[in-house]
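Descriptive analysis of the structure
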Amino acid sequence: MINTPTFLCILRRSTVAGAVVAAAVVLGPASANKDPVTPKQLKLYQEAFMEEVRKGDLLFHGDAAMAEQLGVKLSTTGWACAMCHPMASDTHPQAFPKFQASMAKFATLRDMINWCIEKPNQGEKIDPESEAMKALEAYITWSNTGSVLVPGKY
Amino acid sequence: MSEELDRIRREMHAVLQPPGVRPDDSLQITRRTFIHRSLLFGAASVGQTFAWWPLLNTIDVAHAAEAPFKFAWISDTHLYERSLNTRFVDKVVRAVQEVQAMDPPADFLIFGGDLAQLGKIEELELGVELLKDLKIKKYYIPGEHDWYLDMGKKWGELFGQPNWTFDHKGVRFIGLDTVSRGPDYWTAKKMTPEERMGHMATLDGTVAGAWAGVGREQLDWMQKTLADWDKSKPIVIFSHNPLYEYYPPWNFWVRDWREVNDVLKPYTKVTNIHGHVHQVLYNEIGSMRSIGMLATSWPWPYAPEGVPKLTKPMIRADPGDHYDGVGWETVNVNADDKVDVEYIMWGRKEVFVQSPEDHDKSIGEVIRPRIADNQYPWENP
């Protein structure tokens with residue numbers, strides 16, 4: 001895994017590269033055909049994903065610094081998500097969306113995450129579109145890589 | 001990971017369960033236990049299996065005693081300071097009141113470790129204060145959460161020697177310390193005591209490694225302790241971690257289970273009662289029966305693999321009810337050679353699963369270890 005400065009450097013490089021590609025597409029029909037994806041691009045995409053997984057992992061395990069960085073308060077009781085869900089076990093992202101009995105409503109994984117933050121953790125609900133939510137979702141789904149989709153299952 | 005676990009598990013069964021080796025055959029096998037055991041041969045699917053499990057909240061083990069008696073078990077209270085978390089405090093208070101109200105009273109209480117969450121002096125002292133209301137004799141063994149802030153200093157001051165033995169009405173009881181012999185993961189990384197504790201307090205952490213073990217010195221002590229004990233007389237061993245291999249990534253084992261088995265092999269009536277797993281577990285390993293106990297704090301999900309086939313799983317807890325999936329236990333040692341472990345799960349009439357959907361593993365999952373604790377902050381500049 002890359003460290004933060006390297007990652008930022010790659011991001012900067014990718015921004016430049018992205019601008020070049022965008023410019024090429026806009027500027028001329030001769031350049032209109034898209035190029036096949038390159039190993040370098042794939043690596044970049046994967047690293048962008050894993051960076052969110054890393055952040056989500058830290059949030060999930062109650063890391064105070066990451067919570068502060070992303071401006072969230074996921075717990076006030078000392079509890080962290082991982083205390084009931086080691087390795088994101090029993091989070092069942094593959095079963096969402098579904099009727100969630102504990103909430104008595106049809107719910108997405110993000111609804112469930114917020115429910116856990118509010119109820120057992122007694123923390124503050126987070127914006128479903130926030131980076132913290134996306135990072136938690138990234139970590140939970142990545143942890144369950146290989147699980148079979150069973151949407152709706154109790 | 002699975003291949004490695006499979007390899008370890010195959011080895012465990014080869015070492016511990018050669019043909020014909022089982023807990024003593026002269027022990028009474030109750031109908032309930034028999035039904036558990038038949039699952040081994042039925043190879044039934046979950047759906048078929050659940051249909052003929054009996055609706056009883058006890059697990060039966062068996063051995064001999066001079067007179068009937070009962071004792072109680074509380075563990076895994078994971079107390080934070082009272083100002084941070086009152087729910088865990090409330091649950092200890094409830095367990096203590098219920099044990100105190102047992103009629104006839106329990107002969108003694110075993111506290112099975114993880115009194116504190118982060119090993120703080122305030123947390124351990126809070127535990128002592130709460131348990132003070134319980135007037136019966138109390139015996140303590142440590143959990144990893146009690147230990148790794150100050151390496152057992154405060155725990156030792158409060159409770160003394162972490163391993164001990166006593167005889168009671170024809171049964172030899174042994175308390176083991178399975179937590180204090182973790183590998184040194186902190187010195188090279190220059191961790192503070194809080195950082196060391198933080199890694200230890202994370203069940204799915206990857207830094208503290210295979211910390212659960214009995215250790216050569218303590219094995220020798222156990223062997224010496226048992227040397228004068230008749231091979232056919234009952235022994236009950238308390239440990240924080242299970243004395244077999246269930247799921248090493250969460251330290252649901254002791255790493256030296258082979259050596260433990262070597263010491264216990266000659267004895268035919270051994271029962272191990274353990275905490276740490278926060279869930280109902282039952283297993284038979286060689287000549288030893290093993291029983292996992294509930295926490296008062298919160299339930300862990302069953303591990304993704306390695307759940308003993310003899311375990312009748314506990315019911316899937318409601319995360320909205322913090323009294324669900326947790327509780328304490330009574331252990332009744334009867335004159336007719338039986339020991340009943342009764343799970344007191346608050347708010348539940350049925351402790352065990354009643355249908356496949358009651359099981360937390362009814363949704364199949366493939367999960368993997370976390371990554372961030374091995375990168376951050378240790379490998380960052």
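Residues numbered from 1 in each chain as written. Chains lettered and ligands numbered in written order. Predicted model: local features only at pLDDT ≥ 70, side-chain atom pairs only at ≥ 80, totals over all residues. Heavy atoms only, no water.

1. Here we look at the sheet that holds strand E9 (residues 281-285) of chain B
Through backbone hydrogen bonds, the strands of a sheet pair up, either in parallel or in antiparallel fashion. All names here are of chain B. Rules: Following DSSP output, two strands are said to pair if at least two bridges run between them. Each helix corresponds to a stretch of at least 4 residues labelled H or I by DSSP, and each strand to a stretch of at least 2 residues labelled E; elements are numbered beginning at the N terminus. Comment: axis = line fitted to C-alpha atoms, over the contacting stretch for helices; angle = value between 0 and 180 degrees taken between N-to-C directions. In this description, contact between two residues means that some pair of their heavy atoms is separated by no more than 4.5 Å.
In spatial order, the strands read E5-E6-E7-E8-E10-E9; together these six strands make up an open sheet with mixed pairing. The sheet is open, and its two edges are formed by strand E5 (164-168) and E9, each paired on a single side. On average, each strand axis in the sheet is tilted by 20° relative to the strand beside it, whichever way the strands run. Of the strand pairs in this sheet, E9 and strand E10 (residues 288-292) are connected by five bridges, and their pairing is antiparallel. In the sheet register, glutamate 284 faces E10, and the bridge partner there is arginine 289. Each of E5, strand E6 (171-175) and strand E7 (235-239) touches helix H9 (residues 216-226); the most contacted strand, E6, lies at about 165° to it.

2. Description of the interface of chain B and chain A
Filter applied, for reference: Two parts placed together each lose some accessible area under a 1.4 Å probe, and adding up what both lose gives the buried area. Each salt bridge in this description consists of a side-chain nitrogen of Lys or Arg and a carboxyl oxygen of Asp or Glu lying within 4 Å of one another. Counting of polar contacts relies on pairs of N or O atoms within 3.5 Å, with two restrictions inside protein: one atom must be capable of donating a hydrogen and the other of accepting it, and residues adjacent in sequence are counted only when both atoms are side-chain atoms. Nonpolar residues are Ala, Val, Leu, Ile, Met, Phe, Trp, Tyr, Cys and Pro. Charged residues are Asp, Glu, Lys and Arg, and all others, Gly as well, are polar.
At the junction of the two partners, chain B supplies 39 residues and chain A supplies 43 residues. Buried surface at the junction of chain B and chain A, both sides included, amounts to about 3,500 Å², of which 59% is carbon and sulfur. Viewed at the interface, chain A and chain B are joined by one salt bridge. A salt bridge links Asp57(A) to Arg370(B); its shortest N-O distance comes to 2.7 Å. Taken together, the links from chain B to chain A amount to 16 residue pairs in polar contact (both at pLDDT 80 or more). Across the side of chain B that touches chain A, the residue classes tally to 20 nonpolar, nine polar and 10 charged.

3. Re the side chain of Thr330(B)
All names here are of chain B. Worth spelling out the cut-off: Partly exposed describes any residue whose relative accessible area lies between the buried limit of under 20% and the exposed limit of over 50%, with all areas from a 1.4 Å probe on protein chains only and scaled to the type maximum.
Assignment of secondary structure puts threonine 330 in strand E11 (residues 327-333). Note on threonine 330: relative accessible area 5%, which makes it buried. Those residues in contact with threonine 330 that lie beyond four places of it in its chain are Phe71, Ala72, Met102, Asp340, Val341 and Glu342.

4. A closer look at the packing of H9(B) against helix H10 (residues 257-264) of chain B
Residues and elements named next belong to chain B. Condition: To sort the angles, those under 35 degrees are grouped as roughly parallel, those over 145 as roughly antiparallel, those from 65 to 115 as roughly perpendicular, and the leftovers as oblique. The sense of a crossing depends on the near helix, which, turned anticlockwise from the far helix by less than a right angle, makes the crossing left-handed and, turned clockwise, makes it right-handed.
Between H9 and H10, whose axes approach to 10 Å, the crossing angle comes to 15°. Compared by their axis directions, H9 and H10 come out roughly parallel. As for the relative orientation of H9 and H10, their crossing is right-handed in sense. When H9 is examined against H10, the residues Arg216, Leu219, Met222, Gln223 and Leu226 are found in contact with a partner set consisting of Glu259, Val260, Val263 and Leu264. When its residues are assigned to classes, the contact of H9 with H10 shows six nonpolar, one polar and two charged.

5. Quick notes on empty space enclosed by the protein
Residues and elements named next belong to chain B. We count it as follows: Think of a 1 Å grid over just the protein atoms. A cavity is a set of points where a 1.4 Å probe fits yet cannot get out, a pocket is an open set with protein on both sides within 12 Å along at least five of seven lines, and lining residues have an atom within 4 Å of a point. Grid points are joined across faces, edges and corners, and a volume is the space filled by probe spheres set on the points.
If you walk through the whole model with that rule in mind, you get four cavities of 30 Å³ or more. Counted as a void, the largest cavity has a volume near 70 Å³. What lines the largest cavity is Leu16, Leu243, Val260, Asn261, Leu264, Lys265, Ile285, Ser287 and Met288. At three residues, H10 tops the list of elements feeding residues into the lining of the largest cavity.

6. Quick notes on the confidence of the model for chain B
Quick note on the threshold: The pLDDT value tells you how sure the predictor is about a given residue, anywhere from 0 up to 100.
Confidence in the prediction for chain B averages 84 pLDDT; 83% of positions are at 70 or higher. Below a pLDDT of 50 lies the segment residues 24-64 of chain B, which in the model reaches 103 contacts outside its immediate sequence neighbourhood of four places, other chains included.

7. Examining helix H8 (residues 193-200) of chain B
Applicable threshold: Here the arc refers to the directions that run from the helix axis out to each C-beta atom.
Restricting attention to buried positions, one finds in H8(B) the residues Arg196(B), Met197(B), His199(B) and Met200(B). One side of H8(B) carries all its buried residues, which in axial view fall inside an arc of 160°.

8. Quick look at the environment of Met200(B)
Residue and element names in this part refer to chain B. When you line up the elements, methionine 200 lands in helix H8. On the accessibility criterion, methionine 200 (2% relative accessible area) is buried. Sequence-distant contacts of methionine 200, that is, excluding residues within four places in its chain, are made with Glu144, Tyr148, Tyr185, Ala208 and Trp211.

9. Section: the pairing of E5(B)
All names here are of chain B. Residues Trp164, Phe166 and His168 point to one face of E5 and are all buried, whereas Thr165 and Asp167, pointing to the other face, are not buried. Where E5 lies against E6, five bridges are found, and the strand directions are antiparallel. Bridge pairing in E6 places histidine 168 opposite valine 171. If you look at the hairpin formed by E5 and E6, you'll find two residues sitting between the two strands, and lysine 169 has a positive phi there, around 45°.

10. Considerations on the environment of Asp230(B)
Residues and elements named next belong to chain B. Along the chain, aspartate 230 turns up in the loop between H9 and E7. Sequence spacing of aspartate 230 and tyrosine 267 is 37 residues, and the spatial spacing of their C-alpha atoms is 7.9 Å. Reaching out from aspartate 230, the side chain makes a polar contact with the backbone nitrogen of serine 232 at a distance of 2.8 Å.

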